[in-house]
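# Topology and contacts: notes
So the chains spell out like this:
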Amino acid sequence: MVDNRYATALVIGSVLSLLATVYLSVAVGTPHWYQYDSPPAKQSNNVSEIREEFANKELDEKSYIETMFRHRGTLGLWWRCIVIPDPKMETHCVSFTLPQQFATKYKQPGNHNREEDLLRTYLWQCQFLLPLVSLALVFLSGLVGVCACLCRSFTPTLAVGVLHLLAGLCTLGTVCCFLAGVDLLHQDLVPPEGLEFPLGWSLYLALISFPLQMMAAALFLWAARSHSKSYTRITAYRVA
C-alpha cells in the first residue's frame with residue numbers, strides 16, 4: 001500500500017510533467033523564439049515577389065535572414081516568418097525542410113565557398129533534435145509509469161524520475177543551443193543598426209518547461225527513494 005505522501009508526490013509530479021510537455025510542444029511548433037523588431041515596411045508593388053522568394057526552399061541563409069531583418073521577422077526551431085503589408089500587416093511563415101535542418105552552415109552565410117562553421121552547424125542540428133528527444137523521454141516515462149500502475153509496483157518510479165531529469169536537461173540544451181547559434185549567426189551576419197531583436201514567447205515557454213520537468217523529476221525520485229527506505233524498514237521490522 002502506498003503512503004499518502006508518496007501518492008501526492010506522484011500526482012503533483014504527473015501534473016507538472018503534463019504541463020511541461022504541453023509548454024514544450026507549443027514552443028517547438030511556434031515560430032516566436034526570436035524576433036526582429038524593425039520599423040513596419042511600407043507597402044510595395046512587389047509583395048507577391050517577396051512572399052514567393054521567402055517561400056523558396058532553395059533560398060540561402062543570408063537571403064532569408066536579411067529579409068527577416070527588413071520585414072519584422074520571427075525565427076523558430078521549425079519556422080521562419082516575416083510581416084508583409086498586403087495591404088494590411090500579414091504574417092507569412094515558411095517551415096524549414098528536413099535537409100535545411102541538417103544543412104552545413106558557413107562562416108559567411110550564403111557563401112558556400114567559404115569555410116564551414118561546424119560549431120553553428122552542430123548547434124542548429126542539436127536545437128532541432130534535443131526537443132524531440134526530450135518529448136520522447138517524457139513519453140517513455142509515461143509508458144513506464146503506466147506499466148508500474150498495472151503491475152502495482154513502486155520500483156519503476158525511480159526510472160520515471162531519471163527519464164524526466166534527462167528530458168529537462170535536453171530542454172535546457174535546446175534553449176542554450178538556439179541562443180548560442182543565433183549569437184554566432186549575428187557575429188557573421190551583423191544586424192542593421194537600430195534593429196531590436198528581443199526573445200519571443202515561444203522560447204520563454206521552453207524555459208518554463210525546463211524547471212517543471214526538473215521539479216517533476218525531483219518528486220518522482222524523492223517518492224521512489226523514500227518509499228524504498230520505508231519498505232526496507234518495514235521488512236526488517238517484520239523479520240525481527
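Higher on the page you've got the structure.
Residues numbered from 1 in each chain as written. Predicted model: local features only at pLDDT ≥ 70, side-chain atom pairs only at ≥ 80, totals over all residues. Heavy atoms only, no water.

### Some points on empty space enclosed by the protein
- On inspection of all chains with the given rule, the structure shows one cavity of 30 Å³ or more.
- In this structure, the largest cavity spans a volume of roughly 40 Å³.
- Contributing to the lining of the largest cavity are Glu61, Leu75, Arg120, Trp124, Phe178, Gly181, Val182 and Leu185.
- Elements with a contribution of two residues or more to the lining of the largest cavity: helix 5 (118–151) and helix 6 (157–188).
- Per element, the largest residue contribution to the lining of the largest cavity is four residues, and it comes from helix 6.
- Within the lining of the largest cavity, the residues separate by chemical class into five nonpolar, one polar and two charged. (1 Å grid on protein atoms, 1.4 Å probe; cavity = no way out; pocket = protein on both sides within 12 Å on 5 of 7 lines; lining within 4 Å. Points joined across faces, edges and corners; volume = space filled by probe spheres on them. Helix = DSSP H or I, 4+ residues; strand = E, 2+ residues; numbered from the N terminus. Nonpolar A, V, L, I, M, F, W, Y, C, P; charged D, E, K, R; others polar.)

### Details of the state of the cysteines
- This structure, assessed with the given rule, holds one disulfide.
- Linked covalently through their sulfurs, Cys81 and Cys93 form a disulfide whose S-S length is 2.0 Å. Between Cys81 and Cys93 the disulfide shows an S-S torsion of about 110°. By sign, it is right-handed. You can see Cys81 sitting in strand 3 (residues 79–85) and its partner Cys93 sitting in strand 4 (residues 89–95), a full 12 residues away along the chain.
- We classify Cys93 as partly exposed; its relative accessible area is 33%. (Disulfide = S-S within 2.5 Å. Buried < 20%, exposed > 50% of the residue type's maximum accessible area, 1.4 Å probe, protein only.)

### A closer look at the packing of helix 5 against helix 6
- Remark: helix 5 packs on helix 6, axes separated minimally by 8 Å, with the N-to-C direction vectors making an angle of 160°. On the basis of their axis angle, the class for helix 5 and helix 6 is roughly antiparallel. Handedness of the crossing formed by helix 5 with helix 6: left-handed.
- Of the residues that constitute the contact of helix 5 with helix 6, the class distribution is 21 nonpolar, nine polar and two charged. (Axes fitted to C-alpha atoms, helices over the stretch in contact; angles between N-to-C directions. Parallel < 35°, antiparallel > 145°, perpendicular 65-115°, else oblique. Left-handed = near helix turned anticlockwise from the far one by under 90°.)

### Some points on the nonpolar core
- One finds Trp33, Tyr36, Tyr64, Ile65, Met68, Leu75 and Phe178 to be the most contacted residues of the largest nonpolar core, which totals 30 residues.
- For this core, the secondary structure elements donating two or more residues are helix 1 (4–29), helix 2 (47–54), helix 3 (61–70), strand 3, helix 6 and helix 7 (201–239).
- Ignoring anything within four residues of it in the chain, the contact list for Ile65 reads Leu185 and Leu189.
- Ala20, Val160, Ala216 and Phe220 belong to the second-largest nonpolar core, a separate cluster that totals six residues. (Core = buried A, V, L, I, M, F, W, Y, C linked by side-chain atoms within 4.5 Å. Contact = heavy atoms within 4.5 Å.)

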